[in-house]
Amino acid sequence: MKNFIFQTASRAFVAMLLSAGAVTTAFAQQPPTTEQTDENIAYATGMEAVFYGFAPVMMQLGLNSQTDADKPYDNGQAPTNQMGHARRLYGPNDKFVVTANNDTLYSFAGLDLSKEPVVLTVPDTNGRYYIMQLLDAYSRSIEDIGIGTLGAKGGTFAIVGPDWKGTLPAEMVLIKSPTPQVYVIGRTGVDGEQDLPAARALQDQYRLTLLSNYEKPFKKLELGHKAASAKMGFPEGLNFFGVLDSAIRLNPLAEDAPITDQFKRIGVGLDKPFDAATLSEPTKRGLNRALHDGMAAVKRVAMDSGSRVNGWNMEFKGGEYGTDYLLRSAIAYKQLGLNKALRALYPNRYTDSDGKPLNGQSSYTIRFDGNVPVKAFWSLTMYDANDLFMVENPIKRYSIGDRTSGLKTGADGSLTLYIQAKSPGPDKESNWLPAPDGDFFLQMRLYEPAEQILNGSYKLPQVMRVDRP
């Protein structure tokens with residue numbers, strides 16, 4: 001009797017659903033064709049590959065372009081396991097990497113640790129700000145060697161690959177990388193154009209050498225000259241997946257295998273390199289859709305990727321992403337090579353205090369009530385919102401901060417910055433950061449932020465539009 005009642009009730013329930021039109025679309029429609037299913041599988045897998053892979057793809061592009069050199073150059077390029085030094089502050093014509101800074105001289109090196117360790121030696125900087133940031137092939141921070149961790153005394157560091165075993169001289173500090181490839185991004189503080197010779201002299205004392213060559217005499221680098229910075233570009237079409245395949249092949253992570261093994265369905269991570277020509281047409285269609293939609297998602301997350309505090313995206317997770325691969329990709333999109341927050345925090349924003357896009361057709365102010373709590377220094381840099389490169393302007397000022405010469409403060413110690421396309425007037429130009437005519441992106445740099453910034457008790461001021469209709 002109970003079974004009869006249950007069956008009768010079940011039939012009645014199904015009849016009710018049918019009469020109410022509650023049958024799902026999946027049952028009501030014809031099942032997808034094999035080609036449609038293959039395209040959908042490629043699309044879903046491709047989206048995951050974009051979310052996971054954008055950061056390692058950008059790292060590969062950066063490493064490849066940075067090491068595309070026959071010797072070290074003064075634009076920062078150098079062969080693998082050698083260091084190049086940029087001899088000038090970056091500006092609007094430098095389009096190697098997005099949101100580069102205008103505060104420090106860069107030094108770059110792409111390391112290959114597959115055969116032996118590489119040794120980095122930093123001299124006593126006599127109090128000058130510096131940091132040698134070590135990133136693995138997935139844009140994760142390995143270690144920060146700098147004035148905030150070691151003081152100004154420097155030291156000698158052996159950077160070793162994941163499988164290396166051996167002994168080191170007593171004076172060396174061992175730093176182990178989870179990937180054979182490592183990107184070294186060095187930054188040396190500069191206090192204006194007049195300070196460039198002294199900063200360059202310090203760059204000349206940084207030493208990078210193979211462990212097997214460590215005992216050989218150190219010779220000052222003779223840099224070749226290149227007027228422009230390296231060009232990174234972006235892979236065309238399905239070549240994105242080819243670069244991802246190369247990154248995974250060169251830098252396998254056992255802990256990520258449950259994710260990366262899925263990419264074999266789209267030809268990434270197989271026994272042979274990725275070849276788009278071998279893919280079926282439905283798979284190609286799915287991957288092209290995934291690239292389009294995946295990149296749109298990465299860009300969208302990049303616009304609001306941090307902890308929003310007073311309108312600023314506070315990127316507290318820089319360099320340390322765990323399994324949040326979409327966040328890692330979003331950061332790589334707008335701030336490739338982001339430091340750990342403890343060493344340098346990069347608050348950024350696309351919008352004003354009302355949530356409206358920052359645009360050069362309007363004028364804005366930022367008012368600091370007193371000193372920004374940093375142990376080193378701070379700056380604010382202007383970028384075009386579309387390409388995230390610096391913006392040309394008539395006074396050649398691309399950033400402004402506590403080291404900017406001639407800044408005017410109020411009688412109460414406050415500092416007001418003027419953010420606009422046209423001059424705010426002769427009496428205010430000392431505090432003017434020129435903007436482009438269109439949409440723009442602002443990024444603060446807080447070098448060695450104090451505890452009240454890291455714990456959130458200090459909040460950066462809002463960006464206020466002052467020409468409201």
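This report concerns the structure included in the present document.

Reading the values: rules and limits
Residues numbered from 1 in each chain as written. Predicted model: local features only at pLDDT ≥ 70, side-chain atom pairs only at ≥ 80, totals over all residues. Heavy atoms only, no water. Pairing = 2+ DSSP bridges. Helix = DSSP H or I, 4+ residues; strand = E, 2+ residues; numbered from the N terminus. Axes fitted to C-alpha atoms, helices over the stretch in contact; angles between N-to-C directions. Core = buried A, V, L, I, M, F, W, Y, C linked by side-chain atoms within 4.5 Å. Buried < 20%, exposed > 50% of the residue type's maximum accessible area, 1.4 Å probe, protein only. Contact = heavy atoms within 4.5 Å. Polar contact = N/O pair within 3.5 Å; in protein donor to acceptor, adjacent residues only side chain to side chain. Salt bridge = Lys/Arg side-chain N within 4 Å of Asp/Glu carboxyl O.

1. Points about the sheet that holds strand 3 (residues 118-122)
Strand order across the open sheet formed by 4 strands is 7-6-3-9, with mixed pairing between neighbours. Single-partner strands in this sheet number two, and they are strand 7 (172-176) and strand 9 (207-210). Taken over all neighbouring pairs, the strand axes of this sheet differ in orientation by 25 degrees on average, direction set aside.

2. Some thoughts on the nonpolar core
If you look at the biggest cluster of nonpolar residues, it comprises 59 residues, and the most contacted ones within it are F54, Y183, F241, F263, I266 and V268. Secondary-structure elements contributing two or more residues to this core are helix 3 (34-66), strand 2 (104-112), strand 8 (181-189), helix 6 (239-250), helix 8 (281-302) and helix 9 (325-335). Take this core: its biggest share by element is 13 residues, from helix 3. Once residues within four sequence positions are removed from consideration, F263 is found in contact with T45, E48, A49, Y52, L244, I248 and V268. Membership of the second largest hydrophobic core comes to 27 residues, among which are W312, V372, V391 and L446.

3. Focus on the side chain of T179
With respect to the helices, strands and loops of the structure, T179 is situated in the loop between strand 7 and strand 8. Among the residues examined, T179 registers a relative accessible area of 0% and is labelled buried. Looking at T179, its side chain comes within polar contact range of the main-chain nitrogen of A137, at 3.1 Å. Those residues in contact with T179, other than ones at most four positions away along the chain, are L113, D136, A137, Y138, P162, N251 and L253.

4. Here's the deal with the pattern of salt bridges
Inspection of every chain in the model, using the stated rule, returns 21 salt bridges. Residues D204 and R87 are paired through a salt bridge, measuring 2.5 Å at the closest nitrogen-oxygen approach. Placement of D204 in the loop between helix 5 (196-203) and strand 9 and of R87 in the loop between strand 1 (84-85) and strand 2 is noted, with a sequence separation of 117 residues between them. Taking relative accessible area as the criterion, D204 reaches 14% and is therefore assigned buried. Residues joined by salt bridges that share partners form a network here, namely E35, E39, R285 and R289.

Any functional reading would require information that these geometric values do not contain.
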